[in-house]
Amino acid sequence: MKHILTVAGLMAFSIPFACQGLSPRVITISLLILLFSYAMLLPSLKSLIATLADNPLLTLLMMYIAASCLWAEQEQTSSLLMVLKFVAFSTFGLYLVTHYTTQGCIRLLVITLSILSVLNLLAVVLVPSFAIHGGVEHTGLWKGISGHKNTLGTLSLLSFVAHVIYFFRGTRKALHIGFILLNALLLIKCQSTTSLVLTSSLFVFILFILLFKRMRSIALRGFFLSCSCLLVLLGLTLTFTYGDAIASEFGKTTTLTGRTEIWQGIDGAIQSHYWFGHGYGSFWAARPSIYANGIRFDLTSSHSGFRDLWIDVGLVGLLATVVLVVTTLFKFRIGKTDMYTWLTAVVFFLFIVLNNITDSRFLNSLAIYWIIFMVIVIKVQERHRLAVAEKANTAIWSTRPFH
């Protein structure tokens, strides 16, 4: 029953209908999940305190985001409700990491993403008027129950790469092939360019890691690594040199569908509240109109998670998040033990980092992204601490004199 309720909670935080906005429905769902998380955490209070103490920067960042309601420009009740939602999904994330191993957390996330893939397809087949974009923008493109083609793209991306990794693990291959094909269909039909590019990049990264791990010769590994680095540098050089031509081939521009113009338009909002931001969710709740190069943009985010953090909680919150990202990336280790679980964790984390460059996937989107971020940061730190302790114990035993 606990596993079913946990997946239900993850599902709720992955569907806009259940977690976006401040409607009575969303607040009720958030309160129910908060009460469930609290009830589960109460008997394991020591484990929770140890987890928070072992991750001081993440703990301080969560407290700081919650406290930002004190200086938010938004109406006080709405600001408090925003913080309530943040506390609900952050507490749920803490429940996950204290009650499940890394393998258990990743498995539950993959199950949730797989169910979402099936529901998105069913929605398109059974209720096309709801699950397919109509009107002026994105007409005919699939959005499923995810509410937008880009959201469908990112969730399908995560499910796709997870099943690719599980396929290489060698068990239930037919099942994983089925989900790979299903998510490939969803990615094609939603036509989210960012998701397609990230899917291709992460797929190549997965192949690179799996091939690298199979090589036994140090010389062969060095040659493979140097060739890969050269190919990446060549790709980056071609992109920067012929960016306009490459983008035009896909019907795009180097403004990233107007994103660079939006980023210019929000510079004033960032500068006016440079250090501490406007308060979590406050700026975008007012549905501001952004003007750039004579174009008006009515938005609910800047399409950049890092910039949205800056707007919400200032440079202080942004720097804390960047430090967490960098330190977590440096602490990652994909060893032989449970390699596929940790490879999935790395790919999920890379997705969070890369997708937040051109989309907002930290706080101003589905809560599932913040939960994934939290879970991986905490689990990587937990593994790092154990590795350091094991290394210290080994050093003590190696220096102890024999009698």
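Everything quoted here is computed from the prediction, not taken from an experiment.

A.B. asks: I tried to follow the overall build of the protein on my own but got confused; where do I start?
C.D. replies: When you go through the protein residue by residue, the secondary structure sums to 19 helices and two strands. Taking all 403 residues of the protein together, 49% fall into the buried category. Accessible area of the protein: about 20000 Å², with a carbon and sulfur share of 70%.

A.B. asks: So what exactly am I meant to see when it comes to the packing of aromatic side chains here?
C.D. replies: Where two aromatic rings form a pair, the distance of their centres and the angle of their planes describe that pair. Following the criterion strictly, the structure yields 21 aromatic pairs and no others. Look at F208 and F212: their rings are 5.9 Å apart centre to centre, the planes differ by 20°, and that puts the pair in the stacked class. Placement of both F208 and F212 in helix 11 (residues 193–214) is noted, with a separation of four residues, approximately one turn of the helix. On the basis of an interplanar angle of 80° and a centroid distance of 6.4 Å, the ring pair of F332 and W342 is categorised as edge-to-face. Here F332 is found in the loop between helix 17 (305–331) and helix 18 (339–358), whereas its partner W342 is found in helix 18, with ten residues between them in sequence.

A.B. asks: Help me understand the packing of helix 4 (residues 45–54) against helix 6 (residues 76–99), please; the structure alone is not making it clear to me.
C.D. replies: Axes are the key here: two packed helices are described by the angle between their axes and the distance separating the axes. As a packed pair, helix 4 and helix 6 sit with axes 10 Å apart at the nearest point and diverge in direction by 105°. If you check the angle between helix 4 and helix 6, you find them roughly perpendicular. Taking contact as the criterion, the partners of S47, L48, T51 and L52 in helix 4 are, on helix 6, L94, V97 and T98.

A.B. asks: Where do I start with the pattern of salt bridges in this structure?
C.D. replies: Pairing between side chains of opposite charge can happen when the charged atoms of each approach one another. The full count for this structure, using the stated rule, is three salt bridges. Ionic pairing is found between R361 and D359, a salt bridge with its closest N-O pair at 3.9 Å. The same class applies to R361 and to D359, which are both buried.

A.B. asks: Explain the side chain of H163 to me, please; I cannot follow it from the model alone.
C.D. replies: For H163, the position within the fold is in helix 9 (residues 149–169). Separated by 3.0 Å, the side chains of H163 and H176 make a polar contact.

A.B. asks: Teacher, can you tell me more about unusual backbone geometry here?
C.D. replies: Here the phi dihedral of R172 falls at roughly 50°; this positive angle occurs in a residue that is not glycine. Exposure remark for R172: the relative accessible area of 67% places this residue in the exposed category. Here H303, not a glycine, exhibits a phi torsion of approximately 60°, which is positive. Counting through the fold element by element, H303 comes out in the loop between strand 2 (295–298) and helix 17.

A.B. asks: So what exactly am I meant to see when it comes to the packing of helix 1 (residues 2–12) against helix 6 here?
C.D. replies: In contact at an axis separation of 11 Å, helix 1 and helix 6 are set at 145° when each is read in the N-to-C sense. Considering the relative orientation of helix 1 and helix 6, their crossing is left-handed. Residue-level inspection shows K2, T6, G9 and L10 of helix 1 in contact with helix 6, the latter providing F92, Y95, L96 and H99. Looking at the contact of helix 1 with helix 6 residue by residue, the classes come out as four nonpolar, three polar and one charged.

A.B. asks: Explain the confidence of the model for the protein here, please?
C.D. replies: Looking at the protein as a whole, the pLDDT averages 86, with 89% of positions reaching at least 70. Taking the mean pLDDT of every element in the protein, the minimum, 58, falls on helix 13 (residues 243–249) and the maximum, 95, on helix 7 (residues 102–126).

A.B. asks: Is there a simple way to think about the side chain of N356 in this case?
C.D. replies: Counting through the fold element by element, N356 comes out in helix 18. A polar contact of 3.2 Å, which involves the side chain of N356, links it to the backbone nitrogen of F362. Apart from residues lying up to four places away in sequence, N356 is in contact with S304, G305, F306, F351, R361 and F362.

A.B. asks: Would you mind going over the environment of I29 with me for this structure?
C.D. replies: As for its position among the elements, I29 is in helix 3 (residues 24–41). Residues I29 and C19 lie ten residues apart in sequence; the distance between their C-alpha atoms is 7.7 Å. If we ignore the near neighbours within four places in the chain, the residues touching I29 are A12 and A18.

A.B. asks: What is the right way to read helix 18 from this model?
C.D. replies: Residue pairs three or four apart in sequence face the same way in an α-helix, which turns once every 3.6 residues. Between its first and last C-alpha atoms helix 18 spans 30 Å; for 20 residues at 1.5 Å apiece the expected length is 28 Å, and the two agree. Most of helix 18 is tucked away, with 18 of its 20 residues classed as buried.

A.B. asks: Explanation requested: the layout of surface pockets in the structure shown.
C.D. replies: Where empty space is left in the structure can be found by rolling a water-sized probe over the atoms. When its volume is computed, the second largest pocket comes out at roughly 290 Å³. Around the second largest pocket sit 13 residues that line it, and R107, Y166, R169, R172 and H176 are the ones nearest its centre. Counting only elements with at least two residues in the lining of the second largest pocket, the list comes to helix 7, helix 9 and helix 10 (173–190). At five residues, helix 7 tops the list of elements feeding residues into the lining of the second largest pocket.

Conventions and cut-offs
- Residues numbered from 1 in each chain as written.
- Predicted model: local features only at pLDDT ≥ 70, side-chain atom pairs only at ≥ 80, totals over all residues.
- Heavy atoms only, no water.
- Helix = DSSP H or I, 4+ residues; strand = E, 2+ residues; numbered from the N terminus.
- Buried < 20%, exposed > 50% of the residue type's maximum accessible area, 1.4 Å probe, protein only.
- Areas by Shrake-Rupley, 256 points an atom, 1.4 Å probe, with all protein chains shown as cover.
- Phe/Tyr/Trp six-rings, centres within 6.5 Å; stacked < 30°, edge-to-face > 60°.
- Axes fitted to C-alpha atoms, helices over the stretch in contact; angles between N-to-C directions.
- Parallel < 35°, antiparallel > 145°, perpendicular 65-115°, else oblique.
- Contact = heavy atoms within 4.5 Å.
- Salt bridge = Lys/Arg side-chain N within 4 Å of Asp/Glu carboxyl O.
- Polar contact = N/O pair within 3.5 Å; in protein donor to acceptor, adjacent residues only side chain to side chain.
- Left-handed = near helix turned anticlockwise from the far one by under 90°.
- Nonpolar A, V, L, I, M, F, W, Y, C, P; charged D, E, K, R; others polar.
- pLDDT = per-residue confidence, 0-100.
- Expected span 1.5 Å × (residues − 1).
- 1 Å grid on protein atoms, 1.4 Å probe; cavity = no way out; pocket = protein on both sides within 12 Å on 5 of 7 lines; lining within 4 Å.
- Points joined across faces, edges and corners; volume = space filled by probe spheres on them.

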